[in-house]
Amino acid sequence: MDTKQALDEFPGSQSVMDMSGPLAGAVALDHFISGRSTPGRSDRTGPVYNPATGEVVARVPLASADEVDLAVASARAAQPAWGGASISRRTEVLFSFRHLLHTHREELAELVSREHGKVLSDALGEVARGIENVEFACGLGQLLKGGHTLDASSGVDVHELRQPLGVVAGITPFNFPIMVPLWMIATAVACGNAFVLKPSEKDPSVSVRVADLFMKAGLPQGVLNVIHGDQVAVDRILEHPGIDAVSFVGSTPVARHVYQQAALHGKRVQALGGAKNHMVVLPDADLDLAADAAVSAAYGSAGERCMAIALVVAVGAAADPLVAGIRARIGRLRIGPGSDPASEMGPLVTREHRDRVAGYIESGRAEGAEVVVDGREQHFDTAGFFLGVSLLDHVRPWMRVYQEEIFGPVLGVVRVATFEEALELVNRNPYGNGTAIFTRDGGLARRYQREVEVGMVGVNVPIPVPVGYYSFGGWKASRFGDANMYGPAGIDFYTRTKVVTSRWPEPSASQLDLGFPQTR
């Protein structure tokens, strides 16, 4: 895949719109550089929609390469002092930031809901999981401890230091506009780095508010910068000599591109891609629990989650009652704007994405799947980007709805005869992000978690996103490189180790020795 093709698929990309068109009168957003709002200097902007109404609520500046350079220069100027700040000082800032996030959690959730479309309860949950990562980073006094060996050799001591990388960047997707940035920022800043964030321009406002709260918590100017943009900004980040590491979450084609280009330019990279998550349900499972879990995990946040359950693998006699249970629950779902407390699912993020997702339903029907529930048949009295939920039964592995990441409220059911067939099906899939198994059989559950080739596994848990003191990351085409995100892996990623070997001999003990040093 060439650069242009890959970046055209970048989850944050939007076409530029004429200022005299739909953007006229919309609120103008700013970058956040050197601790303050900074208006865009390029002549390019993009629309920010309220997906529930279809209205343009803001225009976001799309940065030029020079504007990226300005943000990086600000970060490089601020990093040495911040990296040299005491651990107690950095901890104080992180605790203050955590308090401000908690205090403003409803405001932050409303920003997410307005620009992304997810319902308020879901947005509040996203904020809470982001705060969880900040809480982990607050323990940096323990997390940054190195090792020390006294008398590794005669009169020789060895100790290891953890030091920041310098300036690091994050490129984040639209589906979790506050949680994913906090996966990166909290750990990176705790470790003494400066950070440049390029959020999705589909829902950018909450990132700037997070940066503002970090400044109020005492973070020095320039340590955290937010630069909005499209492929121009992404290209510059990947090649910029002043950026030491890049973190990315998005689709698999773009994750592969980011990994290759950033590594080519000598950067440390963590790049998480897409998913096609399977939930295996055995006949002995609590099928009511499994049906509840399937509906919640498939349709929450309108299916716009990399950890959403996209496929239920129904084993043997579990299939018919499970499909019936899912269908019955679908009929009770309340779909509406995120601002309505009664809504359980909101719209999709853009009109184009909604139409793309709807196309998969017809594709499944054409290839032989049974459309049990067709979300296109549900009509909404609004110009928003709504789509009803869909359920497809008798999905086969060669079908497009099985092979491709849909990223919307479409759940497929694959029927298999045995546990072994289910395990083989999951392991053959090119993705390896998350999976779940529902059963009462502890032996099979242990075998599944041991043999399945997936990075995150749930046992009677449909969305096994690790808590903040573990790390997040898939296998196979769901992750490029070796680096997982947040938790202990985040500490490893955002620091580099230095081993110091020292001897303090008596002056009379010194002698010439051209041999290789030995530890004895």
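Attention in this report is confined to the structure presented alongside it. (Residues numbered from 1 in each chain as written. Predicted model: local features only at pLDDT ≥ 70, side-chain atom pairs only at ≥ 80, totals over all residues. Heavy atoms only, no water.)

### Notes on the overall build of the protein
Along the backbone of the protein there are 17 helices and 23 strands. Rg of the C-alpha trace for the protein: 25 Å, near the compact-globule value of 24 Å for 520 residues, within the 12% margin. Structurally, the protein occupies a C-alpha span of about 90 × 65 × 45 Å along its principal axes. Here the protein holds 520 residues, and the buried ones make up 58% of them. Counting every atom, the protein has about 21,100 Å² of accessible surface; 51% of that belongs to carbon and sulfur. Across the protein, the mean location of the 48 positive side-chain charges is 3 Å away from that of the 58 negative side-chain charges. (Helix = DSSP H or I, 4+ residues; strand = E, 2+ residues; numbered from the N terminus. Rg over C-alpha atoms; globule rule 2.2 N^0.38 Å. Buried < 20%, exposed > 50% of the residue type's maximum accessible area, 1.4 Å probe, protein only. Areas by Shrake-Rupley, 256 points an atom, 1.4 Å probe, with all protein chains shown as cover. Lys, Arg positive; Asp, Glu negative; His and termini not counted. Charge placed at Lys NZ, Arg CZ, Asp CG, Glu CD.)

### Concerning the sheet that holds strand β17 (residues 410–416)
Taken together, the seven strands give an open sheet; going across it, the order is β15-β16-β17-β14-β13-β19-β20, and neighbouring strands pair in mixed fashion. Where the open sheet ends on each side, the last strands, each with one partner, are β15 (370–373) and β20 (456–459). The average undirected angle you get between the axes of adjacent strands in this sheet is 20°. Note that strand β16 (residues 390–393) and β17 share three bridges and pair parallel. Residue pairing for β17: L391 is matched across the bridge by L411. In the packing of helix α11 (residues 287–299) onto the sheet, contacts are made with β13 (277–281), β14 (309–315), β16, β17 and β19 (434–438), and the angle to β13 comes to roughly 170°. (Pairing = 2+ DSSP bridges. Axes fitted to C-alpha atoms, helices over the stretch in contact; angles between N-to-C directions. Contact = heavy atoms within 4.5 Å.)

### Thoughts on unusual backbone geometry
Of note, the phi angle at S301 is positive, near 55°, even though the residue is not glycine. Within the fold, S301 resides in the loop between α11 and β14. Taking the relative accessible area as the measure of exposure, S301 reaches 6% and is therefore buried.

### What about the environment of V48?
Take V48: it is sitting in strand β4 (residues 45–50). Between the C-alpha atoms of V48 and K202, which are 154 residues apart in sequence, the distance is 5.5 Å. In contact with V48, other than residues within four places in its own chain, are L29, E55, V56, V57, A58, V60, E115, E201, K202 and P204.

### A few points about the sheet that holds strand β5 (residues 55–61)
The mixed open sheet is built from three strands, whose spatial order is β1-β5-β4. Taken across any chain shown, the strands that pair with only one partner, and hence form the sheet edges, are β1 (27–28) and β4. Pairing of β1 with β5 involves two bridges; the strand directions are parallel. In the sheet register, A28 faces β5, and the bridge partner there is R59.

### A short note on a nonpolar patch on the surface
A cluster of nonpolar residues, V467, Y469 and Y470, forms a patch on the protein surface that exposes about 340 Å² of accessible area. Within the secondary structure, Y470 is located in the loop between β20 and β21 (475–476). Residue classification places Y470 among the exposed residues on the basis of a relative accessible area of 53%. (Patch = residues over 30% accessible without salt bridge, like charges linked within 9 Å, V, L, I, M, F, W, Y side chains within 5 Å. Salt bridge = Lys/Arg side-chain N within 4 Å of Asp/Glu carboxyl O.)

### Quick notes on the packing of helix α3 (residues 87–103) against helix α5 (residues 120–137)
Where α3 contacts α5, the two axes come as close as 9 Å, and the packing angle between them is 165°. Classed by the angle they form, the pair α3 and α5 counts as roughly antiparallel. The handedness of the crossing between α3 and α5 is left-handed. From α3, L94, F97, R98, L101 and H102 reach across to α5, where they touch I131, V134, E135 and A137. (Parallel < 35°, antiparallel > 145°, perpendicular 65-115°, else oblique. Left-handed = near helix turned anticlockwise from the far one by under 90°.)

### Remarks on the side chain of S74
Relative to the helices and strands, S74 resides in helix α2 (residues 65–83). According to the relative accessible area criterion, S74 is buried, its value standing at 11%. In contact with S74, not counting residues within four places along its chain, are I33, S34, G222 and N225.

### Some words on the packing of helix α4 (residues 105–116) against helix α8 (residues 205–216)
Between α4 and α8, whose axes approach to 9 Å, the crossing angle comes to 160°. By the angle between their axes, α4 is roughly antiparallel relative to α8. Note on packing geometry: the crossing formed by α4 with α8 is right-handed. Residues E107, L108, L111, V112, R114 and E115 of α4 form the contact with α8, whose own contacting residues are S205, V206, R209 and L213. Considered class by class, the residues forming the contact of α4 with α8 number five nonpolar, one polar and four charged. (Nonpolar A, V, L, I, M, F, W, Y, C, P; charged D, E, K, R; others polar.)

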